[in-house]
Amino acid sequence: MSRTPIIAGNWKLNMNPKETVEFVNAVKDQLPDSSKVESLICAPAVDLDALLKAAEGSNLHVGAENCYWENSGAFTGENSPAVLKEMGVQYVIIGHSERRGYFHETDEDINKKAKAIFANGMTPILCCGESLETREAGKENEWVVSQIKAGLEGLTSEQVSKLVIAYEPIWAIGTGKTASSDQAEEMCKTIRETVKDLYNEETAENVRIQYGGSVKPANVKELMAKPDIDGGLVGGASLKPDSYLALVNYQD
Ligand SMILES: O=C[C@H](O)COP(=O)(O)O
């Protein structure tokens, strides 16, 4: 079993093209080799062209924060997975709790997006995670397992082997309140076991699982030391070059 760690910045609705180029120029020569740690930035669609051009020839991988499940048609305001692929985008985040919450995305929508992303030769980063209320009710496993089952519906084991899953407890996002490394590991292990039940051991060993929620340079090492945590999906701490570099170079 050798899963390459993947540290992804999720810039959310931050950064403009000029700031994007400045960021890439500040980090691009200090990124780890991609075989050691995959360094990824997922940026707003309007920044992707600048990000891709600035990152060319470096170890920086590029992802989008969302896309639609159709490649073209009368869908005003949406972004085409086919065009993202054509531009050079490799990853697309789907099912982030902010999209589920503010934009009312359903498990069914997210599953359609996963299929469209794979059909276009990119890799989805499928987010899941429970609210504080659900955790306090002791129903977090049930909740996350159901999101995973719905998100993976109809995907092949070959696809799931390449997938990235991000476990992000909603109560830990942007709050400064990280899940403890044990809490994070426990859920990532449950997710891997769910993949094993749905597919097989090999697929479960291949799928990469990230933790997200107030990941910072100060806690990344402890989280990454856990056996079922293969990466981080990082919001706030991915916006500054120094902090991003400390995250992706956590092994040094
Ligand atoms: O996708 C990233 C997460 O929402 C975590 O955000 P955060 O690192 O600012 O807590």
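Note that residues are indexed from 1 along each chain, following the sequence as it is written. Thresholds applied to this predicted model are a pLDDT of at least 70 for local features of residues and 80 or more for the giving and counting of side-chain atom pairs; totals over whole chains, interfaces and linings are not thresholded and use all residues. The basis for every side-chain value is the complete set of heavy atoms in the structure, and neither hydrogens nor water enter the calculation.

## Considerations on the packing of helix 7 (residues 140-152) against helix 9 (residues 181-198)
Here's step 1: Viewed as axis vectors pointing N to C, helix 7 and helix 9 meet at an angle of 45 degrees, and their least axial separation amounts to 10 Å. Here helix 9 runs oblique to helix 7, going by the angle between their axes. Handedness of the helix 7/helix 9 crossing: right-handed. Between helix 7, through Glu-140, Asn-141, Val-144, Val-145, Ile-148, Lys-149 and Leu-152, and helix 9, the contact on the second element is made entirely by Met-187, Thr-190, Ile-191, Thr-194, Val-195 and Leu-198.
Here's step 2: Think of it as three bins: nonpolar holds Ala, Val, Leu, Ile, Met, Phe, Trp, Tyr, Cys and Pro, charged holds Asp, Glu, Lys and Arg, and polar takes everything else, Gly as well. Partitioning the contact of helix 7 with helix 9 into residue classes produces eight nonpolar, three polar and two charged. Only the stretch in contact is used when fitting a helix axis, every axis being a line fitted to C-alpha atoms; angles between N-to-C directions are given from 0 to 180 degrees. Comment: elements are numbered from the N terminus, with helices defined as DSSP H or I runs of at least four residues and strands as E runs of at least two. Angles are sorted into four bins: roughly parallel if under 35 degrees, roughly antiparallel if over 145, roughly perpendicular if 65 to 115, and oblique for all others. Each crossing gets its hand from how the near helix is turned against the far one by less than a right angle, where anticlockwise is left-handed and clockwise is right-handed. Working rule for contacts: check all heavy atoms of both residues, and any pair within 4.5 Å makes them a contact.

## What to know about the layout of surface pockets
Here's step 1: Reported here for the largest pocket is a volume of approximately 480 Å³.
Here's step 2: A cavity here means a set of points on a 1 Å grid, drawn over the protein atoms and nothing else, where a 1.4 Å probe fits but cannot get out; a pocket is an open set with protein on both sides within 12 Å along at least five of seven lines, and a residue lines either one if it has an atom within 4 Å of a point. What lines the largest pocket is a set of 19 residues, among which Lys-12, Glu-65, Asn-66, Arg-99 and Phe-103 lie closest to the centre.
Here's step 3: If one sorts the elements of the lining of the largest pocket by residue count, helix 4 (residues 97-102) sits on top with three residues.
Here's step 4: For the lining of the largest pocket, the residue count by class is nine nonpolar, five polar and five charged.
Here's step 5: Grid points are joined across faces, edges and corners, and a volume is the space filled by probe spheres set on the points. Quantified by volume, the second largest pocket comes out at close to 210 Å³.
Here's step 6: Lining of the second largest pocket is provided by 21 residues; of these, Gly-174, Ser-214, Val-234, Gly-235 and Gly-236 occupy positions nearest its centre.
Here's step 7: For the lining of the second largest pocket, the class distribution of residues is seven nonpolar, 11 polar and three charged.

## Regarding the side chain of Ser-181
Here's step 1: Examined against the element boundaries, Ser-181 turns out to sit in helix 9.
Here's step 2: Three exposure classes are used, based on accessible area relative to the maximum for each residue type with a 1.4 Å probe and protein chains only: buried under 20%, partly exposed in between, and exposed over 50%. Look at Ser-181 and you get buried, because its relative accessible area is 8%.
Here's step 3: Apart from the residues lying within four places of it in its own chain, the contact partners of Ser-181 are Glu-222, Leu-223, Lys-226 and Ile-229.

## Some details on the UniProt feature "binding site: substrate" (unreviewed entry) in the chain
Here's step 1: UniProt positions are given in the numbering used here, feature names are shortened, and annotations may be inferred rather than shown by experiment. With numbering aligned to this structure, UniProt lists the feature "binding site: substrate" (unreviewed entry) at Asn-10, Trp-11, Lys-12, Gly-174, Ser-214, Gly-235 and Gly-236. These annotated residues cover 227 residues of sequence, but their C-alpha atoms sit close together, with the largest distance between any two at 14.0 Å. Lining residues of the largest pocket drawn from the annotated list: Asn-10 and Lys-12.
Here's step 2: Its location among the elements puts Lys-12 in the loop between strand 1 (6-10) and helix 1 (17-27).
Here's step 3: The partly exposed category is assigned to Lys-12, whose relative accessible area is 22%.
Here's step 4: Setting aside residues no more than four positions away along its own chain, Lys-12 makes contact with Pro-44, Glu-65, His-96, Glu-98, Ile-173 and Gly-235.
Here's step 5: Among the secondary structure elements, Gly-174 is positioned in the loop between strand 6 (164-167) and helix 9.

## Focus: the site of the ligand
Here's step 1: Whether a residue is near a molecule or strand depends on its heavy atoms: if one lies within 4 Å, it is near. Near the ligand lie 13 residues; those nearest to it are Lys-12, His-96, Gly-174, Ser-214 and Gly-235.
Here's step 2: N or O atoms within 3.5 Å of each other form a polar contact, as long as, within protein, one can give a hydrogen and the other can take it, and as long as residues adjacent in sequence are counted only when both atoms are side-chain atoms. One nitrogen or oxygen atom from the side chain of His-96 is found 2.8 Å from an oxygen atom belonging to the ligand.
Here's step 3: Interatomic distance of 2.9 Å between a backbone N/O atom of Gly-236 and an oxygen atom of the ligand.
Here's step 4: Computed on the free molecule, the ligand has an accessible area of 310 Å², of which 94% lies beneath the protein chains in the complex.
Here's step 5: Of all the cavities here, the one that holds the ligand is the second largest pocket.
Here's step 6: The residue inventory of the shell around the ligand, partitioned by class, reads four nonpolar, seven polar and two charged. Surface accessibility follows the Shrake-Rupley procedure with a 1.4 Å probe radius. Residue values consider only the protein chains on display as shielding. More than half of a molecule's atoms within 2 Å of the grid points is what it takes for that molecule to sit in a cavity or pocket.

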